[in-house]
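Here are the chains, one letter per residue:
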Amino acid sequence: MSVFRRTTAGKSPRSGAAAQPHPDAIIWAEGIVKTYDTGTDKVQALRGVDFAVARGEMVAVMGPSGCGKTTLLNSLSGLDTVDGGTIWLGGQDLARLSDRKRTDYRARRMGFVFQVYNLLPVLSAVENVELPLLVSGVKPKEARAKALAALATVDLAKWAAHRPAELSGGQRQRVTIARSLVNDPAIVWADEPTGALDSKTATEIMDLMRNLNQRAGLTFVLVTHDPGIGARCDRIVRMQDGVIVGQEIPRAEPEVVRVPAPAPALAMTGAD
Amino acid sequence: MNEVFGLPMSGIMATLIALLSLCLLSVAWVAWRRPVIFKLGVRNIPRRRAQTALIVVGLMLSTLIISTALGVGDTLDYSATSDTYRQLGRVDAVVVQSRSPEADLYAALDDTFGADALAVVERATAGIPEVDGLLPILDARVPVRHDSAGQGEPTAILTGIDPARLDAFGGLRGTDGNAVDLAAFAVNEVAISEEAAKELDAAAGDTVTAFFANKPLPLTVAAVVEDSTLAGHRETAVGLVMPLAQMQALTGQPDTVSMIAVSGAGGVRDAADGSESAVAALRSALAGQNLGVDPIKADMVEQAEGIAALFTGLFLVLGLFSIAAGVLLIVLIFTMLAAERRSEMGMARAVGTQRKQLIQQFVAEGSGYALLSGLVGAALGVGAAFGIAAGLRALFGDFLAIEPHVEPRSLVVAYCLGVVITFLAVVGSSWKISRLNVVAAVRDIPDVATGHRRKRTLVWGALLLGLGGLLAIQGAGAGVAFPFYAGMSLLPFGIALPLRFFGVASRPVFSAAGLYLLALWMLPQNAMNALVGELDGEIEMFFLSGIFMVVGATMVILQNTDLLLAGVSRLGGLFKGSLPAVRTAVAYPGAARGRTGLTIAMFSLIVFSLVMVATMNHNYTALYLGDEATAGWDVRADASNANPLADFRGDLAAQGVAAGEIAAVGVVASPGLFGSEVRLAGAPDWKNVDLRGMDPAFLDGSEFAFLSRAVGYADDAAVVAALRADPTLAVIDASALDGGGGFEEGSDDRFVLSGVGWDDETFAPRRVELARADGGISAVTIVGVIDEKVGALAGLFTARDTVAAVAPDPALISYYVRLADPDRADAVAQEIEAALLQNGVEGVSLRGEVEDQQRQSSGFLYLVQGFMGLGLLVGVAAVGVIAFRSVVERRQQIGVLRAIGYRRGLVSLSFLIETAFIVGMGVLSGTILGVVLARNLFTADDAADGAGFSVPWPVIATILVATVAIALVMTWVPSRQAARIAPAEALRYE
C-alpha cells in the first residue's frame, strides 16, 4: 500500500496555513527553497521541495551532480538554513529552533555519515566515536563504553585505539557509521557513504547500514549516485535541477511502513 | 653612532648592502631566467591579505629589534654629543696645572695657578695653526642665594673670563640670542646661566648673593645667558660669569687662573676632529712647565660614543632572543605555507618541476615578504627607539637632555641585516620543505622515512659529536665558557642521532638529551666550577644558556606531550561541559609536533629572557637597598672649601637645627671634587680615584662590609681595627675592581685594582701611591675591598691625616650624620641645607640617594625588559598565523564537529584551549628556566653572600598573564571565525 502520489503542477502545497506533519513522519518538509548567492549569480539549489520520511524508513536521494541532493540533505538535517519552506524534524519546526537548539538536537538525535569519512585525524577511532556522547553530556566512562560497543557493532573493536590514517577506507567508513549511531539517533544522514569505496567494501557498508535500519529501526536518508545502493533502499527519490522529479520503490527490499505525503499536496515534487 | 662591537658602522653598512645585493641578485636571476617560477611565487603574496599581513608582522621582527637597538644607540650618542657641543661651544681643550702633559681637568678643577702661564701657553701655541684662541678662566665653587625670591643653590660656579679674548670662542649669547658684551659689565655685575636663572628664580636686574671665603658677595644680574662652559655651567652646577679681572679682584686672587681654554680652528663640531695633532703639539710644547692639556671635547665626545655603543651592544645582545624567536617564526610560517600547498607542490614535482625550482618559488615569495617587512620593521623600530628614548628621558633627564634621533645609516643597517636574516631563514626553510615525497604530497599523507635520510642522520650525528667534543676540549683548555658550553651542549645531539639511526625510540633518546641540556645549564655555578674549573664568560653566555635550555625543555615537552595532554584532558574532565572542547584541543598539538615545538620554543625563549632579567633586577635591587647600603649613616652634608665650616655641630646648633637628633657625626675629606691622582706602586701612569680621608669618628661609626680582605686579616673587624691603628692603610670600594667601572670601564683615567678578582676572598696587600699637591708622593696600602652592597662608601678611604698630607686644603668636606630617628633623614638633610646655605652645604639622605640610584638602575632595566618584550610580538604573530591557518586547515573538521553537535562556543573554546596549552607550556618552561638560571647566577655571586633569593611573582605574573592574554586574544578572532562557519559550508570545503 503506497501512500505516495504525484502532485499536479500548479497546486502549491504552501498555499493556506502551514500544515501539521503526519504523526508517523520523522521528517516533513514543504516547499523548501535554497538559493546560493555567488556574488555574481544566484543559483537556486532547491526550488520548492516537499519531502517526507517515515520513522524506520531508508530513503535514497539520487540524481545527477549539482541537482541539489546534498543541499536537500543539509537543509533537512539543519546543517544549513533554507530560504523558504517549512521543515518539521521529529515533530519540531526547524525554523523555530535557534542554532544552539538545532545543534543540541543534532548531537542527541542525529547521526552523519559522509563520503570522505570526515573523522578527526588527530583522534583515535574510539575517541572519534565517543565525541557526540561527550557533547551530549554523557559521562566520559559511559561514553567510552558506548563508543566501544558501537565499534563492536561495526566489527572494529580491535581497531579502537587506531587513528584514521592507520585504517583502510572501509574501516574509516565503519568508524563513521559507529559514530553516527553511538548516540542512539532517530535518523542517520549519509551523503555518498560509499562514494570513496571499492564495490566490495561499498556492499559491506551498505549491508551494515541496511542491517542497522532493519534490525534497530534506524531511519536513514542517503544521498547516492550508485543505483545498486539505491536499489537496496525502501524508496528512491529522484532529483533534477533542484526539484524532485520522481520516486520509485525498489522491488528488491521488503516494504516498510509508509508515511502519507504532506497535506494538502503530496511529497515528491517541487512547486515549479 | 660610529661603532658597534668595535666595528665601524660604515663598514657594517657596506658589508650588509653587499650581502643584501647578493640576495636580491639571486632573486632577480630567478625573475629573469625563470619568470614563471618567479610569478608563481610572488602571486601568492596578495592572495590572502590577512595572512600576508601576519606574515609581514612575523618577518619584520628581526628588523624591528635591530632598528630599535641602533636607534637607542643613535639617540644616546646624539644626545650626549649634542650636550657636549652645546656646553663646550668652541672650547676644545683646556690647559690646567698638572705634573703630566696629559692632564685631567676634573682632577685639577680646584687648582689654580699663576696667570703668567697664559704667556707660556701663547708661546707654545704660536706654531700650532690648529689653535685659534686662548681664554684664561678663573673658577670658584660658591653657594648663591636670591633672597628676594627665597631661592638658593648650594653649588654654583662663579667664573671669570677675559672679555678681550672672548670673540675667538663665539662670545656670550643671551637667552634671546643676542650677544652679551661682558666687557661692558660694571663691578659686581654678572651674567647668570639659564639654569641658574631658573633655579634662583632670578632675572636681569635682580641681586643675588654669592658666598666666598665665608663672605657675602652681592652681585647684580646683568643678563641671562645660554648654559655653557663659558657661563660657568657644569654638569652638576649652575653658573655665573663676570670679567676675569673683576673675578680676581672680588675673590682676592689677583693674577690667578684655574684653566686656560683652547679653541681649535674650525666650528664647534669639526674643530674636535682635528684637535688630536694640536693637543699632541701643545703637550709637547708645554713639557716641563707643570702644565698639562686635557682635550676635553674630544674626550667627552668619545665617551658619549662609547656609552652609546655600550647601550647598543647591550640592546642588540638582549634582542638576540627576540631575533632567534623571529627566525623560528619565519621557519614556522614557511613550514605552514608549505603544508598548505603540499598537494600543489607534489603535483608540480610530479609533472616535472625540479626541487630547486620549488626553492626558487618560495624564495621569490619570501623575498617579497622580507623586503616589505623590512620596511615596516625599520619604521616601527624608529617608533620603539623613540619610546625608549622617552623612558630614558624620564629616568636620566636630569643628567642628560635626551633627544630622540635615528641616523639614516642605522636604518639602512637594520633594514639590510633584517632582510638578510629573513632571506637566509627563508632559503633554509624552502630547502627543507622542498624535500617532499612526491606521492605522499600528492595524496596528502605523511612522508615516510627513507634509508637515504637515515644515513644523513648518522653523518650529522658524527659531525655534531666531533664538533661538540672539539669545542668542549678547546673551551676547557683555554678556560673560556662559550666554546666549552656550546660543545657540551652539542654532544647529546651527536649521541642521540646515531641512537635514532640504530632504531632506538625517539622518546627516551630525545628526552634524555633534553634533560641532559637542562642539567648542564641549570647546575649551580659552584658545582660546575668544581667539575671543570672556573671559565670566563660574558653576556653572550646569557644568550647561549637561554637557547640551549629552551631547546632542552622543548625537547622534553615534545617527547612527552601525550602525558602532559592526558593531564590536561583529565583536568578538562572536571568541567563536564567543556570536555569535548578539551578533547579536540589537546589532540592537535600532539599531532603537529613540529609546529607545536616551534611555538613553545618561541614563547619559552621570550619569557625566559624577560623573567630572567626581571628576577635579577628584583634581587639586585633588594641587595643594594639592604641595611648595609648606607654604612650605618643617615645623612651626608657636603661642604666645599670656598666657605668652610668651623664647627659643623656647633653651626647647626646655632641655627637650632637637628638639636638632639644627631647621634654621631663622622668627617670625610676629599682632596678633589672629581677624584685625585693615584697609581699602583710601580705603575707609570697616574689614574683617577675618589680619595677620602676619614676621621676616627667616621671610622668608628661606619659599618664596613668587605668583599675581600688582604691576607692576614681574619675578618672585617680586623681590617677596621688595622685602619684605626695605621694611617697608611686604606680600603677601596669594589668599583675599582676590573669590570666594576660601569660606563667608566675601559677609560684610560680609571684606577683599577688589578690582580684582585671579584671572587677572591683574600689578596696580597696592594701599595698605592698618592700624588701630593706639593709635588711629592705619599703611599698607602690597600687591605680591603668594600662590598658593593655598601653603596654609600665609594672611593679610596684612608686616614684623614694621610689625605691632609696629600692635599692640605681639601675641595670637599663631607659630614656623615647618624640620626636618632633614621626616618627623619630626608627632613634633616633639607634642614641642614637650608641652615648652612651660605656655606654651600648640600644635604642628602643617604637612603634616598641609594634608592634614587637603584630606581634609575631598575628603571633602565625595566626599559630593557620592555625592549625584550617586543619579542612577544613574535609570539603573538606566531599564534595568529597558527590560529588562522588552523581554521583554514580544519574547516571541514569544524563542519563535522558542528554536525555532530558542537555548539559555536564549544568550537571556539577548543581553539582557545589549544592556544592556552601551547602558550602555557612555553610560558611555563620559560618561567622555570628564567627563575632557576637567575637563582644560580645570583647565589653564585659573592656579593650576594648571605642575601636571600626571592622571586618577583607579581612582575612574573604580570608577564605571564599578559603573554597568555595576548595570545588568547589573537586566537579569539580566528576561533570566532571558525565557530561561525556554517556546518554545511564547512563540510563542502576541500
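The rules behind each value
- Residues numbered from 1 in each chain as written.
- Chains lettered and ligands numbered in written order.
- Predicted model: local features only at pLDDT ≥ 70, side-chain atom pairs only at ≥ 80, totals over all residues.
- Helix = DSSP H or I, 4+ residues; strand = E, 2+ residues; numbered from the N terminus.
- Rg over C-alpha atoms; globule rule 2.2 N^0.38 Å.
- Buried ≥ 20, exposed ≤ 12 C-beta atoms within 10 Å, placed from the backbone.
- Contact = placed C-beta atoms within 7 Å.
- Domains from an automatic or database assignment.
- Pairing = 2+ DSSP bridges.
- Axes fitted to C-alpha atoms, helices over the stretch in contact; angles between N-to-C directions.
- Expected span 1.5 Å × (residues − 1).
- Core = buried A, V, L, I, M, F, W, Y, C linked by C-beta atoms within 7 Å.
- pLDDT = per-residue confidence, 0-100.
- Right-handed = clockwise from strand over helix to strand, strands pointing away.
- Parallel < 35°, antiparallel > 145°, perpendicular 65-115°, else oblique.
- Left-handed = near helix turned anticlockwise from the far one by under 90°.
- Nonpolar A, V, L, I, M, F, W, Y, C, P; charged D, E, K, R; others polar.
- Arc of directions from axis to C-beta.

A tally of regular secondary structure across chain B gives 32 helices and 28 strands. In terms of overall size, chain B behaves like a compact globule, its C-alpha atoms giving a radius of gyration of 34 Å where 990 residues would be expected to give roughly 30 Å. Over its C-alpha atoms, taken along the principal directions, chain B stretches across nearly 100 × 65 × 55 Å. Out of the 990 residues belonging to chain B, those deemed buried represent 51%.

All right, on to the overall build of chain A then. Helices and strands together make up the secondary structure of chain A, namely seven helices and 10 strands. The burial tally for chain A puts 52% of its 272 residues in the buried class. Of the contacts made within chain A by residues no fewer than 6 positions apart, 70% connect residues no fewer than 24 positions apart.

A few words on the domain arrangement of chain B. Residues and elements named next belong to chain B. One can read the domain layout of chain B as domain 1 (1–88 + 299–446), domain 2 (93–294) and domain 3 (629–848). The centre of domain 2, based on its C-alpha atoms, is set 29 Å off from the matching centre of domain 3. Taken together, the contacts link 19 residues of domain 2 with 23 residues of domain 3. Looking at the side of domain 2 that touches domain 3 element by element, the count peaks at five residues for strand β5 (residues 131–146).

Residues and elements named next belong to chain A. The strand order across the open sheet formed by six strands is β6-β7-β8-β3-β9-β10, and the pairing between neighbours is mixed. Looking at strand neighbours, the two that pair on one side only are β6 (110–114) and β10 (243–248), the edges of this open sheet. Across this sheet, the average inter-strand angle for adjacent strands is 20°, counted without regard to direction. Direction of pairing for strand β7 (residues 187–191) relative to strand β8 (residues 219–223): parallel, over a ladder of five bridges. Paired with alanine 190 across the strands is leucine 222, a residue of β8. Packed onto the sheet, helix α5 (residues 169–181) meets β6 and β7 and runs at close to 165° relative to β6.

Residues and elements named next belong to chain B. Pairing between strand β17 (residues 662–670) and strand β27 (residues 812–819): eight bridges, direction antiparallel. Across the sheet, the residue bridging to isoleucine 662 is leucine 819, located in β27. Across two bridges, β17 lies against strand β20 (residues 691–694) in antiparallel orientation. Following the sheet pairing, alanine 669 is matched in β20 by glycine 693.

Residue and element names in this part refer to chain B. Along its 25 residues, helix α1 (residues 9–33) runs 35 Å from first to last C-alpha, staying within 8% of the 36 Å computed at 1.5 Å per residue. Here α1 has its buried residues at Met9, Ile12, Leu20, Cys23, Val27 and Val30. On its buried side, α1 packs onto β1 (3–4), β2 (7–8), α2 (35–42), α11 (355–396) and α12 (408–434).

So, on to the nonpolar core. Val61 of chain A together with Leu329 and Met602 of chain B are the most contacted members of the largest nonpolar core, which has 330 residues in total. With 23 residues, the single largest contributor to this core is helix α9 (residues 296–340) of chain B. When residues are assigned to domains, this core turns out to be shared by domain 1 (1–88 + 299–446) and domain 3 (629–848) of chain B, each giving three or more. Sequence-distant contacts of valine 61 of chain A, defined by excluding residues within four places in its chain, comprise Lys69, Leu72, Leu73, Val221, Leu222, Val223, Val237 and Met239 of chain A. Leu88, Val94, Ala191 and Val221 of chain B belong to the second largest nonpolar core, which has 66 residues in total.

The next thing to look at is the interface of chain A and chain B. Taken together, the contacts link 24 residues of chain A with 24 residues of chain B. Mapped by element, the contributors of at least two residues to the side of chain A that touches chain B are α2 (99–109), β6 and α3 (125–135) of chain A. Ranked by residue count, the leading element in the side of chain A that touches chain B is α2 of chain A, at six residues.

All names here are of chain A. One open sheet holds the four strands; their spatial order is β2-β1-β4-β5, and the pairing between them is antiparallel. The sheet terminates laterally at β2 (42–54) and β5 (92–93), the two strands that pair on one side only. One ladder, built from two bridges, connects strand β4 (residues 84–89) with β5; its direction is antiparallel. Of the residues in β5, the one forming a bridge with tryptophan 88 is aspartate 93. On top of the sheet, helix α1 (residues 69–77) reaches β1 (25–37), β2 and β4; it is set at about 60° to β2, its chief contact.

This paragraph deals with the environment of threonine 153 of chain A. Within the fold, threonine 153 of chain A resides in helix α4 (residues 140–153). C-alpha separation for the pair threonine 153 of chain A and histidine 225 of chain A, spaced 72 residues apart in sequence, amounts to 26 Å.

Quick look at the confidence of the model for chain A now. Predicted coordinates in regions of low pLDDT should not be interpreted in detail. Residues and elements named next belong to chain A. Here chain A averages 80 in pLDDT, and 84% of its residues register 70 or above. Taken together, the stretch residues 1–18 has pLDDT below 50 and engages in 33 contacts with residues farther than four places along the chain or on a different chain. The low-confidence segment residues 263–272 (pLDDT under 50) makes 43 contacts with residues lying over four places distant or belonging to another chain.

Below, the discussion takes up the pairing of β8 of chain A. Residue and element names in this part refer to chain A. Counted residue by residue, β8 has five buried out of five residues, so it is predominantly covered. Here β8 shows a buried face lined by Thr219, Val221 and Val223 and a second buried face lined by Phe220 and Leu222. Across four bridges, strand β3 (residues 58–62) lies against β8 in parallel orientation. Within β8, the position partnered with valine 61 by the bridge is valine 223. Taking the sense of rotation as the criterion, the β-α-β connection linking β7, helix α6 (residues 199–216) and β8 turns out right-handed.

A few words on the packing of helix α21 (residues 593–624) of chain B against helix α28 (residues 872–889) of chain B. Residue and element names in this part refer to chain B. Contact geometry of α21 with α28 gives a least axis separation of 9 Å together with a crossing angle of 160°. When the axes of α21 and α28 are compared, the pair comes out roughly antiparallel. For the pair α21 and α28, the crossing hand works out as left-handed. Mapping the contact onto sequence places Arg595, Thr599, Met602, Phe603 and Ile606 in α21 and Leu872, Val874, Gly875, Ala878 and Ile882 in α28. Its residues assigned to classes, the contact of α21 with α28 comprises seven nonpolar, two polar and one charged.

Take unusual backbone geometry next. All names here are of chain A. One non-glycine residue with positive phi stands out, namely glutamate 192, at about 50°. As for its position among the elements, glutamate 192 is in the loop between β7 and α6. Overall, the presence of 20 C-beta atoms within 10 Å leaves glutamate 192 in the buried class.

Let's shift gears to α2 of chain B. Because an α-helix packs 3.6 residues into every turn, residues spaced three or four apart end up facing the same way. Residue and element names in this part refer to chain B. By the burial criterion, the buried members of α2 are Ile37, Phe38, Leu40 and Gly41. Angular distribution of buried residues about the axis of α2 spans 160°; they occupy a single face of the element. Residues of α2 that are exposed and point more than 90 degrees away from the buried face comprise Pro35 and Val36. In this fold, the buried residues of α2 make contact with α1 and α11.

We now examine the packing of α2 of chain B against α11 of chain B. Residues and elements named next belong to chain B. It is at 7 Å that the axes of α2 and α11 come closest, and there the two elements cross at 50°. In terms of orientation, α2 lies oblique with respect to α11. Between α2 and α11 the crossing geometry is right-handed. Contacts from Ile37, Phe38, Leu40, Gly41 and Val42 of α2 reach α11 at Gln357, Gln360, Gln361, Phe362, Ala364, Glu365 and Gly368.

Take the environment of arginine 172 of chain A next. All names here are of chain A. By secondary structure assignment, the location of arginine 172 is in helix α5. For arginine 172 and leucine 119, which are 53 residues apart along the polypeptide, the C-alpha to C-alpha distance reads 7.6 Å. Setting aside residues no more than four positions away along its own chain, arginine 172 makes contact with Tyr117, Leu119, Pro164 and Leu167.

Here we take up the confidence of the model for chain B. Model confidence for chain B is summarised by a mean pLDDT of 84, while 96% of its residues fall at 70 or above. At the level of chain-chain contacts, confidence expressed as ipTM amounts to 0.79, with global pTM at 0.75.

Turning to the environment of glutamine 830 of chain B, a few remarks are in order. Locating glutamine 830 of chain B in the fold gives a position in helix α26 (residues 825–835). Remark: the alpha-carbon pair of glutamine 830 of chain B and valine 844 of chain B, spanning 14 residues in sequence, is separated by 7.5 Å.

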